[in-house]
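Residue-level listing of the chains:
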Amino acid sequence: MTDVAPLARVRGAVRVPGDKSYSHRAVLLSALARGRSTLSGLSPGADVAATLDAVARLGARVERDGDRVAVHGPGGGLRPSAEPLECANSGTTMRLLCGVVAAVAGSHRLVGDASLSRRPMDRVATPLRLMGARVHGEGPTLHAPLVVEGGPLSGIAYHVPVPSAQVKSAVLLAGLSAAGPTTVVESVRTRTTTEDALRAAGLDLAVAPEGAGRRVTLSPGRPSARSWFVPGDPSQAAFFAVLGAIHEDASLEVVSLDAAPERVGFVGVLARMGARVALHDHGGFHSLSALSSALVATEVHSHEIPSVDEVPILTVAACAAEGVSAFRAMGELRVKESDRFAGSLELAGRLGARAWAEGDDFFVEGLGAARRFAPFRLDAGLDHRMVMAAAIAGAAGRGCAIQGADTVATSYPHFFRDLALLA
Ligand code: S3P
């Protein structure tokens, strides 16, 4: 159990870790390139470390020097690993690697921890099979351990049936080595970290709007080795944005962030709730400020925050708000590192709010400004974002005890230190 004490007041600035999504892409494209790439500001979490270990097993040379990393892509391309590719807790590692190894001739075994081994991999297996790879897994939704038999691939045109940046990315990464162009159509705009990284590595990508989504077409090619700089992770900033908004005596800043529109939907949601939370553009990079606020309930649709990573912490905001907040079309929460649909409802209940589900929607009746969160205990499962959401609620309220808090190391090893520095 990890105890989180209430913070009497919140002041100061936080530098969140490098963006996890962009870090994975920078590592994978560097491994696929010929020669030496340097990466700075990489996410220091275990998830990105799993991707670095995996590319090393596939034949890339990885040199680590603090937060600077060099990756040398082998001239002759990647080759299968005799040992399994250990993806640990990281769905992004497993799904994106499937796309990479689908084109590497030979057999690849991908394994993960108990949380990852429950998550569906059929969503990447389906398009990769259409491209020519063979993918084997457990059960009807293909859980890890997975075996991918890689070989020559053909480009496809694929409509992604669930909004998922990981699926889009796995297909595009496989498309790098396919015969002919690969097109991915998404009906909801998900994060563009893969497209941005592919362009940065010199690849030819055409992107066009299609309905409310996009059509992305990639011509095959080899990424160029380069220097990567990874900006701060907006999904980590969301925790501090909510801390600032719900704490009764707070003024904080988060410095140096990526603020791509698909990543900062949570800012719009909080603004609608009356939060004094704002993004500031410093010409190329962004910061975020957050001040104590009186919140009102709102309605949130999953399309506003594709990937739904910020929903557990927005649930905490809803618990502090006046009125009933609605979270619509949130079914994807059930297949994250834990069942975050159930976990968000459980957390709301522990804080003293009333929360209930109707199909894929859920509702939270907030406590309003007059009442403070109850002290509480929570088992966070193997889910870093549930740990951080609970810790923020405890710090803003009357404290909490969290089982499994070590799991923050997957994305934000210094989270508790950074939280304490705001006291
Ligand atoms: C990620 C995509 C996500 C998200 C995860 C990172 C990525 O899920 O939950 O934290 O880096 O592509 P989806 O594939 O559901 O968008």
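1. Observations concerning the sheet that holds strand 1 (residues 2-4)
Sheet strands associate in pairs through backbone hydrogen bonding, adopting either a parallel or an antiparallel arrangement.
Inference 1: Strand order in this open sheet of three strands is 1-23-22, and the pairing throughout is mixed. Pairing within the sheet leaves two strands with one partner each, and these edge strands are strand 1 and strand 22 (376-379). For this sheet, the mean angle separating the axes of adjacent strands, direction not counted, is 20°.
Inference 2: When strand 1 meets strand 23 (residues 400-403), the two strands line up antiparallel, connected through three bridges. Along strand 23, the bridge assignment pairs threonine 2 with isoleucine 402.
Inference 3: On top of the sheet, helix 11 (residues 384-396) reaches strand 1, strand 22 and strand 23; it is set at about 170° to strand 23, its chief contact.

2. Overview of the packing of helix 1 (residues 20-32) against helix 6 (residues 193-200)
Inference 1: Helix 6 packs onto helix 1 with a crossing angle of 40° between their chain directions and a minimal axis gap of 9 Å. Crossing angle aside, the handedness with which helix 1 passes helix 6 is right-handed. For the pair formed by helix 1 and helix 6, the contact residues are Ser21, Tyr22, Arg25 and Leu29 on the first element and Thr193, Thr194, Asp196, Ala197, Leu198 and Ala200 on the second.
Inference 2: Tallied by class, residues from the contact of helix 1 with helix 6 come to five nonpolar, three polar and two charged.

3. Remarks on the site of the ligand
Inference 1: Within the structure, the ligand sits among Lys20, Ser21, Arg25, Thr92, Ser164, Ala165, Gln166, Arg191, Ser307, Asp309, Lys336 and Arg385.
Inference 2: The contact in question runs from an oxygen atom of the ligand to an N or O atom on the side chain of arginine 25, over 2.7 Å.
Inference 3: Contact between the ligand and aspartate 309: an oxygen atom at 2.6 Å from a side-chain N or O atom of the residue.
Inference 4: A total of 390 Å² of accessible area belongs to the ligand in isolation, and the protein chains cover 97% of it.
Inference 5: Counting residues per element, the ones that place at least two in the shell around the ligand are helix 1 and helix 5 (165-175).

4. Focus on helix 6
Inference 1: Along helix 6, the positions that sit buried rather than exposed are Thr193, Thr194, Glu195, Ala197 and Leu198.
Inference 2: Buried residues in helix 6 make contact with helix 1, helix 5, strand 12 (205-210), strand 13 (213-218) and strand 14 (227-229).
Inference 3: Directly beyond the C-terminal end of helix 6, a positive phi value near 90° is found at glycine 202.

5. Focus: unusual backbone geometry
Inference 1: Backbone torsion omega between alanine 144 and proline 145 reads 0°, so that peptide bond is classified as cis.
Inference 2: Of note, proline 145 is situated in strand 9 (residues 143-150).
Inference 3: With a phi angle near 50°, valine 308 is a residue other than glycine that sits in the positive phi range.
Inference 4: Summarising the element assignment, valine 308 is placed in the loop between strand 18 (299-301) and helix 9 (311-320).
Inference 5: Accessibility expressed as a relative area gives 4% for valine 308, which makes it buried.

6. As for helix 11
In an α-helix there are 3.6 residues to a turn, and that puts residues three or four apart on one side.
Inference 1: The end-to-end C-alpha distance of helix 11, which contains 13 residues, comes to 18 Å, matching closely the 18 Å that a straight helix rising 1.5 Å per residue would cover.
Inference 2: Taken across its 13 residues, helix 11 has 13 buried, putting it largely inside the fold.
Inference 3: The backbone nitrogen of arginine 385 has a side-chain oxygen 3.0 Å away, supplied by the residue at the start of helix 11, namely aspartate 383.

7. Looking at the sheet that holds strand 14
Inference 1: With mixed pairing, the four strands of this open sheet are ordered in space as 4-5-3-14. Single-partner strands in this sheet number two, and they are strand 4 (61-65) and strand 14. Neighbour to neighbour, the strand axes of the sheet diverge by 15° on average, direction disregarded.
Inference 2: Here helix 2 (residues 46-57) sits on the sheet in contact with strand 4 and strand 5 (68-73), set at roughly 140° to strand 4.

8. Thoughts on the domain arrangement of the protein
Inference 1: Domain boundaries assigned for the protein yield domain 1 (2-17 + 231-421) and domain 2 (20-142 + 155-221).
Inference 2: Distance between the C-alpha centres of domain 1 and domain 2: 28 Å.
Inference 3: Between domain 1 and domain 2, a total of about 1900 Å² is buried, with carbon and sulfur atoms accounting for 51% of that surface.
Inference 4: Linking domain 1 with domain 2 are four salt bridges.
Inference 5: With its nearest N and O atoms 2.4 Å apart, the salt bridge here joins arginine 214 to glutamate 262.
Inference 6: Where domain 1 meets domain 2, there are 11 residue pairs in polar contact (both at pLDDT 80 or more).
Inference 7: Residue classes in the side of domain 1 that touches domain 2 are distributed as seven nonpolar, six polar and eight charged.

About the cut-offs
- Residues numbered from 1 in each chain as written.
- Predicted model: local features only at pLDDT ≥ 70, side-chain atom pairs only at ≥ 80, totals over all residues.
- Heavy atoms only, no water.
- Pairing = 2+ DSSP bridges.
- Helix = DSSP H or I, 4+ residues; strand = E, 2+ residues; numbered from the N terminus.
- Axes fitted to C-alpha atoms, helices over the stretch in contact; angles between N-to-C directions.
- Contact = heavy atoms within 4.5 Å.
- Left-handed = near helix turned anticlockwise from the far one by under 90°.
- Nonpolar A, V, L, I, M, F, W, Y, C, P; charged D, E, K, R; others polar.
- Near = heavy atom within 4 Å.
- Polar contact = N/O pair within 3.5 Å; in protein donor to acceptor, adjacent residues only side chain to side chain.
- Areas by Shrake-Rupley, 256 points an atom, 1.4 Å probe, with all protein chains shown as cover.
- Buried < 20%, exposed > 50% of the residue type's maximum accessible area, 1.4 Å probe, protein only.
- Expected span 1.5 Å × (residues − 1).
- Domains from an automatic or database assignment.
- Buried area = accessible area lost by both parts, 1.4 Å probe.
- Salt bridge = Lys/Arg side-chain N within 4 Å of Asp/Glu carboxyl O.

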